[in-house]
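Given next are the chains, with one letter for each unit.
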Amino acid sequence: MEKVQCEDPDQDRLPVEKLIGKALAARKNAYTPYSHFQVGAALLTERGQIYTGCNIENAAYGPTICAERCAIFKAVSEGEHSLKAIAIAGGNEKETDMLSGYAFPCGVCRQVMREFAKDAAFKVIVARNITDFQIFSLEELLPNSFGPENLSAKELEGGTE
């Protein structure tokens, strides 16, 4: 499969291959004794910082965290609140050089991205390897989304209408 080019001219300014490489490397740290499906993510902030994350499973399932949220929460905990792009790579733990498919973010991760990706230009890169990837805008993956601007001023202040 050939590399999918994004129609967005800003793609050329994104370090796509670097992000994918870091997502693939982060995937190796995944803790997946139950699903055996390892995911890595590399998040680029507006300030140019890159944060990585991997999925971490738990026997109780509920406390499990996805790679995307792991990377985003690391960035937010370091004071980063404006996101530019995220690369995601995931597959069975036995897959190494070429992943069999694209690992798209789950609905919860998409909503978390929406909270911090203020700009409509936020890109989601899903990759099978460093040369086989697709790029989507968050709007494409989460159309008609709900965000902070949908809350009334009173709700934002903690009151009710």
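Heads up: the structure comes first, above all this text.
First, a word on what this report is: a plain description of the structure on this page. (Residues numbered from 1 in each chain as written. Predicted model: local features only at pLDDT ≥ 70, side-chain atom pairs only at ≥ 80, totals over all residues. Heavy atoms only, no water.)

**Overview of the environment of proline 33**
Within the secondary structure, proline 33 sits in the loop between helix H1 (16–27) and strand E1 (37–45). C-alpha of proline 33 to C-alpha of glutamate 57: the two residues are 24 residues apart in sequence and 7.2 Å apart in space. (Helix = DSSP H or I, 4+ residues; strand = E, 2+ residues; numbered from the N terminus.)

**Some remarks on the pairing of E1**
Judged by how many residues are buried, E1 sits mostly within the fold: 8 of 9 residues are covered. Relative to strand E3 (residues 83–92), E1 is paired through 9 bridges, and the arrangement is antiparallel. Counterpart to phenylalanine 37 in the pairing with E3 is asparagine 92. Alignment of E1 against strand E2 (residues 50–54), held across 5 bridges, turns out to be antiparallel. Considered in E2, the bridge of alanine 41 is made with glycine 53. Taking the residues that link successive antiparallel strands as the turn, the E1-E2 hairpin has 4 residues, and the phi of glycine 48 there is positive, at about 90 degrees. (Buried < 20%, exposed > 50% of the residue type's maximum accessible area, 1.4 Å probe, protein only. Pairing = 2+ DSSP bridges.)

**Topic: the nonpolar core**
Counting 25 residues, the largest nonpolar core has Leu43, Ile86, Met113, Phe122 and Val124 as the members making the most contacts within it. Listing elements by their share of this core, those giving two or more residues are E1, helix H2 (67–77), E3, helix H3 (107–116), strand E4 (123–129) and helix H4 (138–141). Once residues lying within four places of it in the same chain are set aside, the contact partners of phenylalanine 122 are Leu43, Leu83, Lys84, Ala85, Ile86, Met113, Ala117, Phe136, Ser137 and Leu138. Grouped together as the second largest cluster of nonpolar side chains are 15 residues, Val16, Leu19, Ala85 and Ile125 included. (Core = buried A, V, L, I, M, F, W, Y, C linked by side-chain atoms within 4.5 Å. Contact = heavy atoms within 4.5 Å.)

**Quick word on the packing of aromatic side chains**
This model, assessed by the stated rule, comprises 2 aromatic pairs. Each ring, one from tyrosine 34 and one from tyrosine 61, has its centre 6.2 Å from the other, and the planes form 65 degrees; the classification is edge-to-face. In this pair, tyrosine 34 sits in the loop between H1 and E1 while tyrosine 61 sits in the loop between E2 and H2, placing the two residues 27 residues apart along the sequence. By relative accessible area, tyrosine 61 is classed as exposed at 58%. (Phe/Tyr/Trp six-rings, centres within 6.5 Å; stacked < 30°, edge-to-face > 60°.)

**Observations concerning unusual backbone geometry**
Its identity as a non-glycine residue notwithstanding, histidine 36 has a phi of 60 degrees, on the positive side. In this fold, histidine 36 is placed in the loop between H1 and E1. Although it is not a glycine, tyrosine 61 adopts a positive phi angle of roughly 60 degrees.

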